[in-house]
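Read off the chains here:
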Amino acid sequence: MNDPQDPHDPHETTETHVERLLGRALNSFDLPDSTVERLGTALAHSSALHSSHHSATLRRSTYRHTYLLSDGSALSLWELTHNAGRDGAEQHELYAEESEARLAASRLPAGPLPGWSAERSGGRALDEDEDDELALLSALLARPIPAQPRMYVPDNSADHARRVLRRAENADRPGERTARRLRLAFAHHITQAFGRHCPVEGGRDAGFTLYEHQFLLLDGSEVSLWEVEHTATPDGRHMCEVYEDERAARRAMETRSRVR
């Protein structure tokens, strides 16, 4: 399977297929260790296109890769391919659960927001009206419309919490005390609380998305992690920051959006 558009290469061994799949995925490090270990025992595999979306600005496809393991069980991986990176090149992401792949697909930008100019002048956006910038910052801090009631899903939630904390790059991310509590998580719910593009340094647009990961613990208590995903980095790469409360997460987004 040298091309994801042709997932049925009869000449590729399962071992080579797994190595190439993990090697090209931007987030392969985020897969559960147990999943990677089980993949090492794969005897055969099958790949199929699960869904596809094409528009003027976005090409997105999801593939399901299913493996027969040496113990007789089956394991599936969900591969998301898209051109939403900075240079428009095809990128690959890999997920152990279909729900995670769907969530990742929903995070992809569909293109510039209405009213935003795609033109640039001297490296700066043509529309730099101060009132518009203040309005954008206000919108960044505004609370969203209340979401629908949470539906907790018991789905390896302690491992999900571990992966959220592991991908956080901010120095003030939750510490070991929070990580220990979240080992008791048995169900969780994910809500997108905010999503928008804003102008940052160099006149380019950066995407900001805020997610609440709420966990239900074995003792009946609830713990939330607030994850900020953004591309307000010097090279435009994707970055994740995690905070223990919503106010700190929104303050971080405001700070990143002020970097001009």
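A. Geometry of the sheet that holds strand 3 (residues 74-82). An order of 1-2-3-4 is seen for the 4 strands of this open sheet, with the pairing classed as antiparallel. Since the sheet does not close on itself, it has two edges, and those belong to strand 1 (42-54) and strand 4 (91-95), each with one partner. Put simply, the sheet's adjacent strands are angled 20 degrees from each other on average, direction ignored. As judged from the 11 bridges shared by strand 1 and strand 2 (residues 59-69), these two strands associate in the antiparallel manner. Following the sheet pairing, H54 is matched in strand 2 by R59. Packed onto the sheet, helix 3 (residues 98-107) meets strand 1, strand 2, strand 3 and strand 4 and runs at close to 5 degrees relative to strand 3.

B. The arrangement of the environment of A158 in detail. By the secondary structure assignment, A158 is in helix 5 (residues 157-166). Residue A158 is classed as partly exposed on the basis of its relative accessible area, which comes to 26%. Put simply, A158 and F186 are 28 residues apart on the chain and 6.3 Å apart in space, counted from C-alpha to C-alpha. Among residues more than four places away in sequence, those in contact with A158 are L182, R183 and A185.

C. Region of interest: the side chain of H92. By the element assignment, H92 lies in strand 4. Within the local environment of H92, its side chain forms a polar contact with the side chain of E79, the two groups lying 3.0 Å apart.

D. Seen up close, the pairing of strand 3. When you tally the buried positions in strand 3, you get 8 out of 9 residues, the bulk of the element. Summarising the sheet, strand 2 and strand 3 pair through 9 bridges and their orientation is antiparallel. Directly across from Y63, in strand 3, lies its bridge partner E79. Strand direction decides the pairing type here: strand 3 and strand 4, joined by 5 bridges, are antiparallel. Following the sheet pairing, E79 is matched in strand 4 by L94.

E. Molecular detail of the layout of surface pockets. Roughly 540 Å³ of volume is contained in the second largest pocket. As for the second largest pocket, its lining consists of 27 residues, of which S99, E100, D155, H188 and I190 are closest to the centre. At the level of secondary structure, the elements contributing two or more residues to the lining of the second largest pocket comprise helix 2 (33-39), strand 3, helix 3, helix 5 and strand 7 (185-199). Top element by residues in the lining of the second largest pocket is strand 7. It accounts for 5 residues. Its residues assigned to classes, the lining of the second largest pocket shows 10 nonpolar, 10 polar and 7 charged.

F. Representation of the pairing of strand 10 (residues 239-243). Across the 5 residues of strand 10, 5 count as buried, placing the element largely inside the fold. The alternating pattern of strand 10 places M239, E241 and Y243 and C240 and V242 on opposite faces, both of which are buried. Bridge analysis of strand 9 (residues 222-230) against strand 10 gives 5 bridges, and the strand direction is antiparallel. Following the sheet pairing, E229 is matched in strand 10 by C240.

G. Structural context of the pattern of salt bridges. All told, the structure shown has 12 salt bridges when counted by the stated rule. Overlapping salt bridges, with partners in common, bring together D30, R166, R167 and E227 in one network.

H. Region of the structure containing the packing of aromatic side chains. Summed over all chains, the structure comprises 0 aromatic pairs. When the ring centre of Y211 is taken as origin, the NZ or CZ atom of R107, which lies over that ring, is 4.0 Å away.

The rules behind each value
- Residues numbered from 1 in each chain as written.
- Predicted model: local features only at pLDDT ≥ 70, side-chain atom pairs only at ≥ 80, totals over all residues.
- Heavy atoms only, no water.
- Pairing = 2+ DSSP bridges.
- Helix = DSSP H or I, 4+ residues; strand = E, 2+ residues; numbered from the N terminus.
- Axes fitted to C-alpha atoms, helices over the stretch in contact; angles between N-to-C directions.
- Contact = heavy atoms within 4.5 Å.
- Buried < 20%, exposed > 50% of the residue type's maximum accessible area, 1.4 Å probe, protein only.
- Polar contact = N/O pair within 3.5 Å; in protein donor to acceptor, adjacent residues only side chain to side chain.
- 1 Å grid on protein atoms, 1.4 Å probe; cavity = no way out; pocket = protein on both sides within 12 Å on 5 of 7 lines; lining within 4 Å.
- Points joined across faces, edges and corners; volume = space filled by probe spheres on them.
- Nonpolar A, V, L, I, M, F, W, Y, C, P; charged D, E, K, R; others polar.
- Salt bridge = Lys/Arg side-chain N within 4 Å of Asp/Glu carboxyl O.
- Phe/Tyr/Trp six-rings, centres within 6.5 Å; stacked < 30°, edge-to-face > 60°.
- Lys NZ or Arg CZ within 6 Å of the ring centre and 35° of its normal.

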